[in-house]
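Observations on the model geometry
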Amino acid sequence: MNLLQDTRTGICPVVTGGQEVLDLRGELDRATTLVLGRAGLDGRPPSGSGPGRARYADTGAEAQIALPDRIGETVRETRRRDAGVPLERKPFRIGSSALAADRFSLGPAGRPVGREDVFAWLDRNYRDDACVALLGPRRAGKSWIVKELQERMRSDGLGNVQQVVTLSNRESPGSRDDLAVRLMPALATSARPADALMDLAEAGSGSSRLVLLLDEVGRLTRYTPAAVSWLRDLGQAGAWLVYCGTFKDWNDTRRHALSEPGSSFSNDVNRFPLGPLAEPDAREFLTGTAENEGLLIPPVTADRILRDVGPWPFYLQVVGDALVRAARAGNTRALDDGRELRALIERELLVEKADVFRSRWSEIGPAARAALLDARGGPPKNPNATQGGQLRDVGLLLSQNKWLPDPPFFDWIQYASQELHDEEQHR
């Protein structure tokens, strides 16, 4: 109701309903209410026969609602009319898409797209009292998802949701009390923070249930095995814990915790492997977001991008952002020339974002690194048992000997192969 009455938000809410909507006219105050359907306020239907005809609830005057088909027509007319307008002066598109963002955001301010299946899975596990681990490669969007989860849960009143905790590296192993304070800083003045947090977990239920969201879960190895194992007790006491990290993060943390005698950490944690977007979603994210930034990516160019970088959101953001920046500088050659596009991908992704690939490379064991270098830019054909184990440990080799679809990572290995070979020889 506050949103409807507050015009400063810049949002135009649309209220749908039956007679109950009319009963709220006094409370809606400045909000505009339209009556749809076969009858108006006085039982007469709107005179117009076209779709979207309605009456204003306060005056009975007829109105026409802007419908999506007309919006699409308006967009096309506007593009034709403003074809000569410089790209930086064009507004965001009129149409909307749940898979498109306002802009290509490469930082934490972005939002997850095409991940509603993940949120549905998280919601089911919350309601089933099952703690979860969200696992995927670096820059797969895990931090986006967990921050969005925090906002959605708070908005829906689902639990006592704490701020997302990005675990930090410690110089010395931390205790249960150290970990409890990291999870909830307000407990720093408590004599026994771990016990106090356990009490909060046991006391919480329904809308007061304690929810703890942990990012960079691999850094739990900087706490004692007993402290990490204690997190399972916290979950069993009633808290809902969400762990986020890479496959290597999770496997290292699990092995670390299980080194504590009697530990059963991770036994009751459900895991979600975060993969790439579905290709139609990836295409809509790429082209829709570019359109919001004033750039039309031709279908053939979108095909080339998806073939070369795959449907991971981060890769699409990097390439999409580079195309928009180039177009605003007056260079649109990569939109029409496959070689120019490939050069842009190599420069912006394999060179400028090499630190992302290098951080993933550093997680891989030496036997698996050797296999990847020997494969010369592709998945190793017949890794031995040691190599296969290390490749599975980082999530590159999946169940049934399937490979994680990640063309840019393998391209980067080939691109930097000489440098990587030299580094391996000096290890």
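Not measured: the values here are computed from a predicted model. (Residues numbered from 1 in each chain as written. Predicted model: local features only at pLDDT ≥ 70, side-chain atom pairs only at ≥ 80, totals over all residues. Heavy atoms only, no water.)

**Structural notes on the overall build of the chain**
Heads up, the rule is: Secondary structure elements follow DSSP: runs of H or I of four or more residues count as helices, runs of E of two or more count as strands, with numbering from the N terminus. Only heavy atoms matter for contacts: two residues are in contact if any of them lie within 4.5 Å across the pair.
Tallying secondary structure elements over the chain gives 19 helices and nine strands in all. Contacts in the chain between residues at least 24 apart in sequence constitute 67% of all its contacts with a sequence separation of at least 6.

**Let's talk about the packing of aromatic side chains**
Stated precisely, the cut-off is as follows: Think of it this way: a Phe, Tyr or Trp ring, Trp meaning its six-membered ring, pairs with another when their centres are within 6.5 Å, and the plane angle makes it stacked under 30 degrees, edge-to-face over 60, tilted otherwise.
On inspection of all chains with the given rule, the structure shows 14 aromatic pairs. Taken together, the aromatic side chains of Phe314, Tyr315, Phe357, Trp361, Trp403, Phe409, Phe410 and Trp412 make up a single cluster linked through ring pairs.

**Description of the side chain of Ser263**
Counted only if it meets this: Think of a polar contact as two N or O atoms within 3.5 Å of one another; within protein, one of them needs to be a possible hydrogen donor and the other a possible acceptor, and neighboring residues in sequence only count if both atoms come from side chains.
As for its position among the elements, Ser263 is in the loop between helix H10 (247–258) and strand E9 (270–273). Side chain to side chain, Ser263 and Ser229 meet in a polar contact 2.9 Å long. A distance of 3.1 Å separates the side chain of Ser263 from the backbone oxygen of Ala257, its partner in a polar contact. Sequence-distant contacts of Ser263, defined by excluding residues within four places in its chain, comprise Ser229, Ala257 and Leu258.

**Brief notes about the pattern of salt bridges**
Note that side chains of opposite charge can pair when their charged atoms are close. Keep this limit in mind: Between Lys or Arg on one side and Asp or Glu on the other, a salt bridge is scored when a side-chain nitrogen of the former is within 4 Å of a carboxyl oxygen of the latter.
Per the stated rule, a full pass over the model turns up 28 salt bridges. The partner of Arg209 in a salt bridge is Asp129, and the shortest N-O contact between them spans 3.1 Å. Here the residue Arg209 occupies a position in the loop between helix H8 (193–203) and strand E7 (210–215), and Asp129 occupies one in the loop between helix H5 (116–127) and strand E4 (132–135), the gap between them amounting to 80 residues. Between Arg170 and Asp178 there is a salt bridge, with the nearest N and O atoms lying 3.6 Å from each other. Connected via shared salt-bridge partners are Arg307, Asp308, Arg342, Glu346 and Asp411.

**Describing the pairing of strand E8 (residues 240–245)**
Formally: Burial classes follow relative accessibility: with a 1.4 Å probe on protein chains only, a residue under 20% of its type's maximum area counts as buried, one over 50% as exposed, and anything between as partly exposed. When DSSP finds two or more bridges between a pair of strands, those strands are recorded as paired.
Burial runs high along E8: six of the six residues are buried. Of the two faces of E8, the one carrying Trp240, Val242 and Cys244 and the one carrying Leu241, Tyr243 and Gly245 are both buried. As judged from the four bridges shared by E4 and E8, these two strands associate in the parallel manner. Bridged to Val132 within E8 is Val242. Bridge analysis of E7 against E8 gives four bridges, and the strand direction is parallel.

**Here's the deal with unusual backbone geometry**
Phi at Gln400 is positive, roughly 60 degrees, even though this residue is not glycine. Looking at the element boundaries, Gln400 is found in the loop between helix H17 (385–393) and helix H18 (407–415). With a relative accessible area of 69%, Gln400 lands in the exposed category. Even without a glycine there, the phi angle at Asn401 is positive, about 55 degrees. As for its position among the elements, Asn401 is in the loop between H17 and H18. For Asn401, a relative accessible area of 52% gives the class exposed.

**Things to note about the confidence of the model for the chain**
Here is the rule: As a per-residue quantity, pLDDT reports the predictor's confidence and falls between 0 and 100.
Overall, the prediction assigns the chain a mean pLDDT of 83, with 77% of residues at 70 or greater. For residues 38–42, every residue scores under 50 in pLDDT, and the model assigns this stretch 13 contacts once sequence neighbours within four places are set aside. Across residues 92–96, where pLDDT falls below 50, the model places 12 contacts with residues more than four positions away in sequence or in other chains.

**Notes on H17**
For H17, the complete set of buried residues consists of Gln387, Gly388, Leu391 and Asp393. Close packing links the buried residues of H17 with H10 and helix H16 (366–374). Residue Asn384 occupies the N-cap position of H17, its side-chain oxygen lying 3.1 Å from the main-chain nitrogen of Thr386. Directly beyond the C-terminal end of H17, a positive phi value near 80 degrees is found at Gly395.

**Things to note about helix H12 (residues 299–309)**
Residues of H12 that are buried include every one of Thr301, Ala302, Ile305, Leu306, Asp308 and Val309, and no others. Where the residues of H12 are buried, they touch helix H11 (279–292), helix H13 (313–328), helix H14 (338–351) and H18. Just downstream of H12 lies Gly310, where phi reads positive at about 80 degrees.

**Comments concerning the side chain of His256**
Residue placement: His256 occurs in helix H10. There is a polar contact of 2.6 Å between the side chain of His256 and the backbone oxygen of Tyr223. Excluding residues within four positions of it along the chain, His256 makes contact with Leu220, Thr221, Tyr223, Thr224, Pro225 and Val228.

**Let's talk about the environment of Leu179**
Its location among the elements puts Leu179 in helix H7 (residues 176–183). Owing to a relative accessible area of 0%, Leu179 belongs among the buried residues under this scheme. With 52 residues separating them along the chain, Leu179 and Leu231 place their C-alpha atoms 9.2 Å apart. Beyond its immediate sequence surroundings of up to four residues, Leu179 is in contact with Leu167, Leu220, Tyr223, Ala227, Trp230 and Leu231.

**Considerations on the packing of H16 against H17**
Condition: Here an axis means a line fitted to C-alpha atoms, over the contact stretch when the element is a helix, while the angle between two N-to-C directions is reported on a 0 to 180 degree scale. Each angle is binned into one of four classes, with values under 35 degrees roughly parallel, values over 145 roughly antiparallel, values of 65 to 115 roughly perpendicular, and all other values oblique.
Running from N to C, H16 and H17 point in directions that differ by 100 degrees, and their axes come no closer than 8 Å. What the angle tells us is that H16 and H17 run roughly perpendicular. The residues of H17 that touch H16, namely those facing Pro366, Ala367, Ala368, Ala371 and Leu372, are Thr386, Gln387, Gln390 and Leu391.

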